[in-house]
Amino acid sequence: MTSSLVGSEMCIRDRIKRGVRMQQKSIYKLVLFTAVLCWCLWNYKVSLGILGTAYDIIFPFLVGAFIAFIVNVLMTKLEYFWEIVFSKGPLLKIKRPACMVLSFLLIFAVVAFTIILVVPELQHSIRTLGKLIPPAMVKLNTFMHEKAIQFNVSAADWQQLHDQWMVLQNNLLQYIQSNKSLLLSRTWNATTSVVGVLTELVIGFVAAVYLLLEKDVLARNARRTIYAFCYKERADYIVNAARTTHEICTGYVGGQLLVAFLLGCMCFIGMLILGLPYALVESVLVGVLALIPILGTFFSAAIGCFLILVAAPAKIWCFIILFLILQRIEGDLLYPRIVGKSVGLSELWVLAAVTIGASLGGIMGMILCVPLFSVIYRLFSQKVAVELDKKHMDDI
């Protein structure tokens with residue numbers, strides 16, 4: 001009896017000691033964090049420089065992670081069908097690299113098909129427009145002379161306008177001559193910027209390949225690390241949040257691709273019914289640029305108006321009306337129901353996420369805010385359900 005009491009007393013003392021040590025560690029961590037935060041705020045220029053350098057270093061790897069995530073959406077589907085088709089045999093062993101290569105090839109094929117289909121048509125339209133400009137300028141000149149005669153504009157006034165135009169032209173030429181070095185330096189900066197972007201893309205592509213090939217190992221190591229350095233409850237919450245984020249972002253990307261595909265198909269059918277030219281080219285543009293919120297719509301509309309204006313100017317109003325109808329279908333029906341359903345948000349929350357994202361971060365804000373809102377909403381709903389379960393109020 002005495003020994004059991006002594007043992008329980010020692011156990012209680014050990015628990016108290018562990019609690020005191022944990023409390024001391026928490027105090028030390030808080031003091032250290034406060035000291036580092038004060039130093040960063042006091043030396044904010046140095047802190048911003050360090051953060052900028054760190055961002056420049058990890059940016060290619062962030063690009064690689066983004067590429068890997070997008071490709072993994074298609075790659076996961078291909079791996080599923082690969083296992084069904086090659087359930088037995090040596091081909092099952094090369095499932096991961098084969099599906100990764102197929103995913104990249106499909107994405108590159110879509111991009112190449114879009115470029116090969118659209119660029120020649122744009123060049124042809126620009127050439128056609130170039131041939132139409134000289135007679136149009138002659139007509140404009142005749143029209144201006146007729147108006148000048150109608151409004152009694154004298155020859156001296158025309159000469160004055162001509163002299164002012166020549167002065168403006170000469171000033172422009174003098175500016176170009178006197179700022180050759182500046183233009184050359186800006187051209188060089190733009191060239192080096194392009195080279196830097198290409199270098200970052202190459203590094204990001206290589207990082208994406210490694211991430212895709214080793215995604216299972218990396219996920220397992222990350223999970224082991226979280227459970228090694230966190231309490232089990234906190235580790236469970238982090239793993240659940242990561243799983244929820246992956247599920248929602250994957251559904252968001254898939255929903256965006258489905259909306260783009262449906263818009264392209266509807267645009268193609270509508271242009272065929274109305275007899276509009278460049279139906280295939282414009283439909284591909286609408287589908288591809290629909291992946292870019294807001295601005296992508298304006299780009300596809302502007303290019304479509306330009307192509308139809310050159311080929312069939314009388315039908316441009318039909319295209320504008322068709323495009324407005326497609327925009328209403330996308331905004332009121334497809335996007336809220338497909339993308340909103342994929343990410344688990346109602347139409348109201350999708351609209352709120354897009355609006356807030358546009359005001360905070362422009363295009364990238366609109367792209368990221370919808371899945372971010374969905375993750376926050378899902379985690380908050382789970383937290384509410386847990387708290388209600390603790391209070392035995394599940395029926396509310």
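Model, not experiment: these values are computed from the prediction.

Asks: Give me the overall build of the protein: which residues, what numbers.
Replies: Helices and strands together make up the secondary structure of the protein, namely 11 helices and zero strands. Listed N to C, the secondary structure of the protein is α-α-α-α-α-α-α-α-α-α-α in terms of helices and strands. Put simply, of all contacts in the protein between residues at least 6 apart along the chain, 68% involve residues at least 24 apart. Summed over all atoms, the accessible surface of the protein reaches about 27800 Å², with 73% contributed by carbon and sulfur.

Asks: Kindly report on helix α2 (residues 44-85), identifying the contributing residues and their values.
Replies: The end-to-end C-alpha separation of α2 is 58 Å, in line with the 62 Å expected for 42 residues at 1.5 Å each. Largest kink in α2: about 40°, centred on isoleucine 58, with the proline proline 60 one to four residues after it. Taken together, the buried positions of α2 are Ser47, Pro60, Val63, Gly64, Ala68, Val71, Asn72, Val73, Met75, Glu79 and Trp82.

Asks: Give me a nonpolar patch on the surface: which residues, what numbers.
Replies: There is a patch of nonpolar side chains on the surface, built from Phe113, Phe268, Ile269, Leu272, Ile273, Leu274 and Leu280 and spanning about 690 Å² of accessible area. Looking at the nonpolar patch, the element that brings in the most residues is helix α7 (residues 232-274), giving five residues. With relative accessibility at 69%, the residue isoleucine 273 sits in the exposed group.

Asks: I'd love a proper account of a positive patch on the surface, names of residues and values included.
Replies: On the surface, Arg220, Arg223, Arg224 and Arg243 cluster together into a positively charged patch. Of the residues forming the positive patch, the biggest block, three residues, is contributed by helix α6 (residues 215-229). In this fold, arginine 243 is placed in helix α7.

Asks: Provide a residue-level description of the packing of aromatic side chains, including the pertinent values.
Replies: This model, assessed by the stated rule, comprises five aromatic pairs. Aromatic pair tyrosine 80 and phenylalanine 81: ring centres 5.5 Å apart, planes at 70°, arrangement edge-to-face. The exposure class assigned to tyrosine 80 is exposed, which follows from its relative accessible area of 51%. A network of ring pairs unites the aromatic residues Phe104, Phe108 and Phe205 as a single cluster.

Asks: Please set out the side chain of asparagine 72 residue by residue, giving values where relevant.
Replies: With respect to the helices and strands, the residue asparagine 72 is situated in helix α2. In this structure asparagine 72 comes out as buried when scored by relative accessible area, which is 12%.

Asks: I'd like a rundown of the pattern of salt bridges, residues and numbers included.
Replies: Considering all chains together, one arrives at six salt bridges under this definition. Salt-bridge contacts for lysine 215 lead to glutamate 79; the nearest nitrogen and oxygen are separated by 3.7 Å. With lysine 215 in helix α6 and glutamate 79 in helix α2, this residue pair connects regions lying 136 residues apart in the sequence. Between aspartate 216 and arginine 96 there is a salt bridge, and its shortest N-O distance comes to 3.0 Å. Of this pair, aspartate 216 sits in helix α6 while arginine 96 sits in helix α3 (residues 95-150), placing them 120 residues apart in sequence. We classify arginine 96 as buried; its relative accessible area is 16%. Look at the salt bridges and you will find they share partners, linking Glu79, Arg96, Lys215 and Asp216 into a network.

Asks: Give me the nonpolar core: which residues, what numbers.
Replies: Grouped together as the largest cluster of nonpolar side chains are 33 residues, with contacts concentrated most on Leu263, Met271, Tyr335 and Val370. The set of elements that each furnish at least two residues to this core consists of α7, α8 (279-289), α9 (295-311), α10 (316-343) and α11 (347-390). Among the elements that line this core, the one with the most residues is α10, at 10 residues. Dropping the residues within four chain positions of it, valine 370 is found in contact with Tyr252, Tyr335, Val339, Val343, Leu345, Ala353 and Val354.

Asks: I'd like to hear about the packing of α7 against α8, residue by residue, with values.
Replies: Remark: α7 packs on α8, axes separated minimally by 8 Å, with the N-to-C direction vectors making an angle of 155°. Comparing their axes, α8 and α7 come out roughly antiparallel. For the pair α7 and α8, the crossing hand works out as right-handed. Residue-level inspection shows Ala260, Leu263, Gly264, Cys267, Phe268, Met271 and Leu272 of α7 in contact with α8, the latter providing Ala279, Leu280, Glu282, Ser283, Val286 and Gly287. Residue composition of the contact of α7 with α8, grouped by class: nine nonpolar, three polar and one charged.

Asks: Can you break down the side chain of glutamate 79 residue by residue, with the values?
Replies: A relative accessible area of 8% means that glutamate 79 is categorised as buried. The contact partners of glutamate 79, leaving out residues within four places of it in the chain, are Lys95, Arg96, Cys99 and Lys215.

Asks: Mind laying out the confidence of the model for the protein, listing which residues take part and the relevant values?
Replies: Per-residue pLDDT for the protein averages 77, and the proportion of residues at 70 or more is 74%. Taken element by element, the predicted model of the protein shows its lowest mean pLDDT in helix α4 (residues 155-178) (66) and its highest in α6 (89).

Asks: Please give an account of the packing of α2 against α7 that cites residues and values.
Replies: One can describe the packing of α2 onto α7 by two numbers: an axis separation of 10 Å at closest approach and a directional angle of 75°. Looking at the two axes, α2 sits roughly perpendicular to α7. From α2, Phe69, Ile70, Asn72 and Val73 reach across to α7, where they touch His246, Cys249, Thr250 and Val253. Partitioned by chemical class, the residues of the contact of α2 with α7 number five nonpolar, three polar and no charged.

Asks: Break down unusual backbone geometry for me, citing the residues and quoting the values.
Replies: Phi at tyrosine 278 is positive, roughly 55°, even though this residue is not glycine. Residue classification places tyrosine 278 among the buried positions, given a relative accessible area of 18%.

Asks: Please set out the environment of leucine 212 residue by residue, giving values where relevant.
Replies: One can find leucine 212 in helix α5 (residues 180-213). Through-space distance from the C-alpha of leucine 212 to that of proline 97 is 8.6 Å; in sequence the pair is 115 residues apart. In contact with leucine 212, not counting residues within four places along its chain, are Ala68, Val71, Asn72, Met75, Arg96, Met100 and Phe104.

Scoring rules and cut-offs
- Residues numbered from 1 in each chain as written.
- Predicted model: local features only at pLDDT ≥ 70, side-chain atom pairs only at ≥ 80, totals over all residues.
- Heavy atoms only, no water.
- Helix = DSSP H or I, 4+ residues; strand = E, 2+ residues; numbered from the N terminus.
- Contact = heavy atoms within 4.5 Å.
- Areas by Shrake-Rupley, 256 points an atom, 1.4 Å probe, with all protein chains shown as cover.
- Expected span 1.5 Å × (residues − 1).
- Bend = angle between axes of the 7 residues up to and from the residue.
- Buried < 20%, exposed > 50% of the residue type's maximum accessible area, 1.4 Å probe, protein only.
- Patch = residues over 30% accessible without salt bridge, like charges linked within 9 Å, V, L, I, M, F, W, Y side chains within 5 Å.
- Salt bridge = Lys/Arg side-chain N within 4 Å of Asp/Glu carboxyl O.
- Lys, Arg positive; Asp, Glu negative; His and termini not counted.
- Charge placed at Lys NZ, Arg CZ, Asp CG, Glu CD.
- Phe/Tyr/Trp six-rings, centres within 6.5 Å; stacked < 30°, edge-to-face > 60°.
- Core = buried A, V, L, I, M, F, W, Y, C linked by side-chain atoms within 4.5 Å.
- Axes fitted to C-alpha atoms, helices over the stretch in contact; angles between N-to-C directions.
- Parallel < 35°, antiparallel > 145°, perpendicular 65-115°, else oblique.
- Left-handed = near helix turned anticlockwise from the far one by under 90°.
- Nonpolar A, V, L, I, M, F, W, Y, C, P; charged D, E, K, R; others polar.
- pLDDT = per-residue confidence, 0-100.

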